[in-house]
Amino acid sequence: YTRGTVTAFSPFDARADAEALRKAMKGMGTDEETILKILTSRNNAQRQEIAAAFKTLFGRDLVDDLKSELTGKFETLMVSLMRPTYIFDAHALKHAIKGAGTNEKVLTEILASRTPAEVQNIKQVYLREYEANLEDKITGETSGYFQRLLVVLLQANRDPDGRVDEGLVEQDAQVLFRAGELKWGTDEEKFITILGTRSVSHLRRVFDKYMTISGFQIEETIDRETSGDLEKLLLAVVKCVRSVPAYFAETLYYSMKGAGTDDDTLIRVMVSRSEIDLLDIRQEFRKNFAKSLYQMIQKDTSGDYRKALLLLCGGDDE
């Protein structure tokens with residue numbers, strides 16, 4: 001993971017940072033600038049050390065203090081930055097399947113984009129932190145083919161990348177073609193099995209072959225033949241197979257495009273990818289949307305929230 005915009009800060013002094021944060025929140029008025037500058041320029045491991053030092057020095061919980069001193073989207077962003085990396089996805093999923101209504105967008109985004117190793121880790125953390133089985137929780141809140149594809153992705157049994165067998169590529173492409181374009185009513189099961197279990201390099205070849213056989217991109221067929229949550233999940237899987245950074249660039253673009261901003265998505269993606277591939281996401285964004293991620297955040301947000309997001313973004317791509 002060397003394509004993040006946020007890296008370990010050096011020279012790092014957890015106690016000095018803790019003291020600066022306490023000072024920024026003590027007494028009348030809050031010095032938001034200091035808070036956002038420190039938290040966006042330290043990596044997650046360092047933020048955890050700051051929280052530990054904060055408790056040691058002042059007997060106070062840093063996250064609780066942030067929650068009581070800050071408000072709105074800026075508060076959400078700072079608290080998200082403080083969440084330990086290992087628990088970030090499990091926490092997001094927990095909240096997506098909690099209470100009335102399930103947030104399918106969150107389930108789709110996380111389960112389509114994470115590697116099998118990351119999914120295994122999410123399941124273990126979920127069980128440990130929430131004493132519940134993630135798969136049971138998700139099956140309880142979803143249904144139909146959407147549910148089945150989520151369950152396949154949760155198994156995290158995608159074939160590892162290796163030598164691609166052209167014969168199998170041809171066979172899979174033909175199966176998808178017959179299941180999609182050639183049949184009245186789509187054979188969703190075939191799509192689910194192939195998209196959910198084949199290796200990434202194999203699937204990239206299958207998509208090329210599919211285009212050759214059918215004259216359509218696989219996305220066009222999915223778009224025409226399926227709908228609703230299943231369609232969104234199938235498309236997310238296809239896009240992540242093609243390029244995870246391109247998928248997130250598009251996710252960020254649509255979180256800000258048009259009237260209103262989907263701040264939950266904007267925050268979740270900026271925070272969760274900041275130490276992984278945000279540099280690649282920025283590159284894809286610039287290439288595909290004729291403007292930079294930096295410019296779009298600048299235009300679409302305001303105040304300390306904007307300042308913090310721009311620092312996380314880490315620069316403009318003219």
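Definitions and cut-offs
- Residues numbered from 1 in each chain as written.
- Predicted model: local features only at pLDDT ≥ 70, side-chain atom pairs only at ≥ 80, totals over all residues.
- Heavy atoms only, no water.
- UniProt positions renumbered as here; feature names shortened; annotations may be inferred.
- Helix = DSSP H or I, 4+ residues; strand = E, 2+ residues; numbered from the N terminus.
- Expected span 1.5 Å × (residues − 1).
- Buried < 20%, exposed > 50% of the residue type's maximum accessible area, 1.4 Å probe, protein only.
- Arc of directions from axis to C-beta.
- Contact = heavy atoms within 4.5 Å.
- Salt bridge = Lys/Arg side-chain N within 4 Å of Asp/Glu carboxyl O.

You'll find the protein entered in an unreviewed UniProt entry as Annexin, with Chordeiles acutipennis given as the organism. The record held by UniProt for the protein lists under Sequence similarities (unreviewed entry) the comment "Belongs to the annexin family."

The next thing to look at is helix 18 (residues 278–289). End to end, helix 18 covers 16 Å across twelve residues, agreeing with the expected 16 Å (1.5 Å per residue, within 8%). Taken together, the buried positions of helix 18 are Leu-278, Ile-281, Arg-282, Glu-284, Phe-285 and Phe-289. Across the axial projection of helix 18, the buried residues extend over an arc of 165°, all falling on one side. Across from the buried face of helix 18, at angles greater than 90 degrees, the exposed residues are Gln-283 and Lys-287. Taken together, the buried residues of helix 18 touch helix 16 (244–256), helix 17 (263–273), helix 19 (293–300) and helix 20 (303–313). Two residues or fewer after helix 18 comes Ala-290, characterised by a positive phi angle close to 55°.

Take the pattern of salt bridges next. Per the counting criterion, the structure on display carries 22 salt bridges. Close ionic contact of Asp-89 with Arg-114 constitutes a salt bridge, the shortest N to O distance being 2.7 Å. Linking Asp-89 in helix 6 (residues 85–96) with Arg-114 in the loop between helix 7 (104–113) and helix 8 (116–130), this pair joins segments that are 25 residues apart in sequence. Just as Asp-89 is buried, Arg-114 falls in that class too. As a salt-bridge pair, Lys-105 and Asp-262 come within 2.7 Å of each other at their nearest N and O atoms. Here Lys-105 is found in helix 7, whereas its partner Asp-262 is found in the loop between helix 16 and helix 17, with 157 residues between them in sequence.

Moving on, we get to unusual backbone geometry. The peptide bond linking Ser-10 to Pro-11 adopts the cis configuration, its omega dihedral lying at 0°. As for its position among the elements, Pro-11 is in the segment before helix 1 (14–25). In the Ramachandran plot, Ala-156 falls in the positive-phi region, its phi being about 55° despite a non-glycine side chain. The residue Ala-156 is located in the loop between helix 10 (144–155) and helix 11 (166–180) in this model. Since its relative accessible area comes to 12%, Ala-156 is described here as buried. The backbone of Ala-290 sits at a positive phi, close to 55°, despite the residue not being glycine. Inspection of the secondary structure assignment puts Ala-290 in the loop between helix 18 and helix 19. Residue Ala-290 is classed as exposed on the basis of its relative accessible area, which comes to 68%.

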